[in-house]
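# Fold and contact review
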Amino acid sequence: MIGLLRDLVLGPGVAAYAVRKRIGKGSWPTDLHSRSGRLAEPLRRARGPRILVHGVSVGEIHALEPLVEALAASPVAPDVVVSASTATGFERARRIHTPDREVVRFPLDFTWMTARFLDAVRPDLVVLAELELWPSFLAACARRRTPVCVVNGRLSARSFRGYRRLRALARPMFRQLALVTAQTATYRNRFVAMGVPADRAVVGGSLKWDAARTAPDPAAAAALAAALGIDRSRPLIVAGSTGPGEEGALLRDLPDGCQLLLAPRDPDRWDAVARLVPGMPRRSRANASQSRANTSRSHAPPQVFLLDTIGDLPAAYLLADAVFVGRSLSLLGGSNPLEAAALGKPVVTGPHHENFAGVVDALMREGGIAVSTDPMASVRRWLADPQAAAAVVEGARRAMARHRGAARSTADRVLALLPGGEADAEG
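Please read these numbers as outputs of a predicted model, since none were measured by experiment.

### Some words on the overall build of the chain
Of regular secondary structure, the chain possesses 21 helices and 13 strands. Across the 427 residues that make up the chain, the buried fraction comes to 51%. Restricting the contact set of the chain to residue pairs at least 6 apart, pairs at least 24 apart contribute 67%. Accessible surface for the chain amounts to roughly 19100 Å². Of this, 54% is attributable to carbon and sulfur atoms.

### Focus on the packing of aromatic side chains
Any pair of aromatic rings gets described here by the distance separating the centres and the angle formed by the planes. Scanning the entire structure with this criterion turns up five aromatic pairs. When the centroid spacing of 4.8 Å and the interplanar angle of 55 degrees are considered together, the rings of Phe106 and Phe137 count as tilted. Taken as a pair, Phe106 in the loop between β3 (102-105) and α5 (111-121) and Phe137 in helix α6 (residues 135-143) lie far apart in primary sequence, 31 residues in all. Comparing Phe106 with Phe137, the two get one shared label, buried. Feature note: the residues Phe106, Phe117 and Phe137 constitute an aromatic cluster, connected by ring pairs.

### Looking at the pattern of salt bridges
Where charged atoms from two side chains of opposite charge come close, those side chains can pair. The tally for this structure, following the rule as stated, stands at 15 salt bridges. Note that Asp271 and Arg282 form a salt bridge whose closest N and O atoms lie 2.8 Å from each other. Of this pair, Asp271 sits in helix α13 (residues 270-274) while Arg282 sits in the loop between α13 and α14 (288-298); the two residues are eleven residues apart in sequence, bridging distant segments of the chain. Residue Arg282 is classed as buried on the basis of its relative accessible area, which comes to 11%.

### Section: the packing of α5 against α6
Across the interface, α5 lies against α6 with an axial gap of 9 Å and an inter-helix angle of 50 degrees. When the axis of α5 is compared with that of α6, the two are oblique. Handedness of the crossing formed by α5 with α6: right-handed. Contacts between α5 and α6 involve Thr111, Thr114, Phe117 and Leu118 on the former and, on the latter, Ser136, Phe137, Ala140, Cys141 and Arg143. A breakdown of the residues in the contact of α5 with α6 according to their chemical character gives five nonpolar, three polar and one charged.

### Concerning the nonpolar core
If you look at the biggest cluster of nonpolar residues, it comprises 36 residues, and the most contacted ones within it are Trp209, Ile230, Val238, Leu261, Tyr317, Val323 and Leu363. Broken down by secondary-structure element, the contributors of at least two residues to this core are α11 (218-228), β8 (236-242), β9 (259-264), α15 (313-319), β11 (322-325), α16 (338-342), α17 (357-365) and α19 (386-403). The element contributing the most residues to this core is α15, with five residues. Counting 31 residues, the second-largest nonpolar core is a separate cluster that includes Leu52, Val104, Phe106 and Leu133.

About the criteria used
Residues numbered from 1 in each chain as written. Predicted model: local features only at pLDDT ≥ 70, side-chain atom pairs only at ≥ 80, totals over all residues. Heavy atoms only, no water. Helix = DSSP H or I, 4+ residues; strand = E, 2+ residues; numbered from the N terminus. Buried < 20%, exposed > 50% of the residue type's maximum accessible area, 1.4 Å probe, protein only. Contact = heavy atoms within 4.5 Å. Areas by Shrake-Rupley, 256 points an atom, 1.4 Å probe, with all protein chains shown as cover. Phe/Tyr/Trp six-rings, centres within 6.5 Å; stacked < 30°, edge-to-face > 60°. Salt bridge = Lys/Arg side-chain N within 4 Å of Asp/Glu carboxyl O. Axes fitted to C-alpha atoms, helices over the stretch in contact; angles between N-to-C directions. Parallel < 35°, antiparallel > 145°, perpendicular 65-115°, else oblique. Left-handed = near helix turned anticlockwise from the far one by under 90°. Nonpolar A, V, L, I, M, F, W, Y, C, P; charged D, E, K, R; others polar. Core = buried A, V, L, I, M, F, W, Y, C linked by side-chain atoms within 4.5 Å.

Set out below in structure tokens:
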């Protein structure tokens, strides 16, 4: 009865949100079907205890990669299943983990869908990334006595205020958590204030430091440059994960002689950004011959490019002389600067980086990032003074060396939640 009441109260909002998001992408029938709790194929028989590791979308799936590897490589040898909510997250997880482990879509939060999903997966332990708490799913785990933990925990001031307004409904979810490894002490204290027992909440650092360790294939970067017609002899600024209004500001302030590659975070905005500079080469449509043809028609090489594909941003960062990390000039919370910084690129971000406050603060303490309302001013300084750019790169390297290791320590804490796991994790 409680589950039915919960579905009646929360279900219409969940379903309406999912349908609204997917209608715009033309994928809602298949997407809703894939999130009904039905698996496309039965899972292989578990070799050991099964751990379900869940991330919402591409960013969380990428951050979880080193943790999944650490769990799978442990002496416990668990069977790790990875789940994602969004279609892009699911595809990213499949590229990372197939065929080594199985990847599934996470269900919508209806009682019967979560029950069907858990009956099919049968996890012994559930690991959720950052702050992915769904009441029906958590209630179903509680009925099965399946422990649930949050890793890379992040509870922003905005989310904290929202949960506090619904404290009577939210506290049972937080109180149920068997473990929270929070990115910072501030986040940890907010989880405790929401009901997580203090002895189950620790500061574990950010998994994103470990996730930023893999360099893209230089051949992929060269192919991207050739496809778009990027001139490797001229400076290239890559604007990654940009948000509304940022592309126009960057175009307005673009230094003379520089090229700019725009990579908007939201695929729904790709066409609108393309209209800012009619005829700009687009990755989804460009190849080397098209780029040469465009160049010959215009009698001048293009200086602005659009990255409108998923998965090519690391290769673009490898081409960059400087990087702006977007969704940070307005109140959107910022994007992850570590991927570009790990590739040895000087990075500038805007002042609104709340979603990555701990990471940006750690980089700033080492001089490994610039924060500015005028990102092109930082770029001009670096282009004019290569030593200043090199100092930022070196600062980021020091910060990464200091903060890596969260994946291994988090894996040990997670494995200790399995029956007999503490002894096995130590052994």
